[in-house]
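Geometric and topological summary
Residue-level listing of the chains:
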Amino acid sequence: MNYATPQIEEIFLNFELNCDKAIDYMKNEYNLMRAGRANPKLVENIRVDYYGAPTPINQMGNISIPEPRCLLITLWDKSALKDVEKAILAANIGVTPQNDGTVIRLTFPVLTEERRRDLVKQVKKLAEDTKVVLRNARRDAMDGLKKEKNAKTVSEDLIANYEDEVDKSLAKQIELVDKLAKDKETDVMSV
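A short tour of the structure in this document, coming up.

Parameters at a glance
Residues numbered from 1 in each chain as written. Predicted model: local features only at pLDDT ≥ 70, side-chain atom pairs only at ≥ 80, totals over all residues. Heavy atoms only, no water. Helix = DSSP H or I, 4+ residues; strand = E, 2+ residues; numbered from the N terminus. Buried < 20%, exposed > 50% of the residue type's maximum accessible area, 1.4 Å probe, protein only. Salt bridge = Lys/Arg side-chain N within 4 Å of Asp/Glu carboxyl O. Contact = heavy atoms within 4.5 Å.

Take unusual backbone geometry next. The phi torsion at Tyr51 lies on the positive side, around 55 degrees, for a residue other than glycine. Assignment of secondary structure puts Tyr51 in the loop between β1 (47–50) and β2 (53–56). By relative accessible area, Tyr51 is classed as exposed at 70%.

In structure tokens form, the structure reads like this:
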């Protein structure tokens, strides 16, 4: 969309950037939540002291899922198996690694009903926190538009249109958050 001034364009760019950051953060957090299934995202960013440099596991070998509740980490350098095992234990992801000398296996236990309910609460809390961030981004955009209105750089009709555009965009973002939360909740509660 064409905006009347560069300041208004910047307001909208900042609004969209803040909304995108909030949604991306939410998606990443949902990927890290264990839903009784193996997920490579749980371990790929764990850092291992590898020849003096903190190196993510996903840069040291392959992470595969041979079965739904098992992760298999195959390292290119077998001498680093012990270090990777220690790093996984230190990361405290709730699973004990099993090192057989060639690969590391992580077997995820089936979640109890109580644990599933706790995860659903976390899913809902994260969704609410994301909505708060989105509303704060809306507030910042509206404040910026109000400043432009008071400075009389743009007509009041245009400002009203821009405010409507911000509200519509926020509604779409909140709808997306609700959908992501519902999908994750369904994923967590499925046995």
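Opposite charge on two side chains permits them to pair, given that their charged atoms come into close proximity. Tallied over the entire structure, the rule returns eight salt bridges. The residue Arg139 makes a salt bridge to Asp140 at a minimum N-O spacing of 3.3 Å. What makes Asp140 partly exposed here is its relative accessible area of 42%. Here Asp187 makes a salt bridge to Lys184, at a shortest N to O gap of 3.6 Å. Of this pair, Asp187 and Lys184 both sit in helix α4 (residues 156–189), separated by three residues, roughly a single helical turn. Among the residues examined, Asp187 registers a relative accessible area of 23% and is labelled partly exposed. Sharing partners across several salt bridges, the network here consists of Glu128, Lys131 and Asp178.

On the secondary structure map, Ser64 appears in strand β3 (residues 61–67). Judged by relative accessible area, Ser64 falls into the partly exposed class, the value being 31%. Taking C-alpha positions, Ser64 is 19 Å from Ala91, a pair spaced 27 residues apart along the chain. If we skip the residues at most four places from it in the chain, Ser64 touches Cys70, Leu71 and Leu72.

Looking now at the side chain of Glu85. Within the secondary structure, Glu85 sits in helix α2 (residues 81–91). The residues contacting Glu85, other than those within four sequence positions of it, are Pro97, Asn99 and Ile104.

So, to be careful, I would describe these as geometric facts and stop short of saying anything about function.
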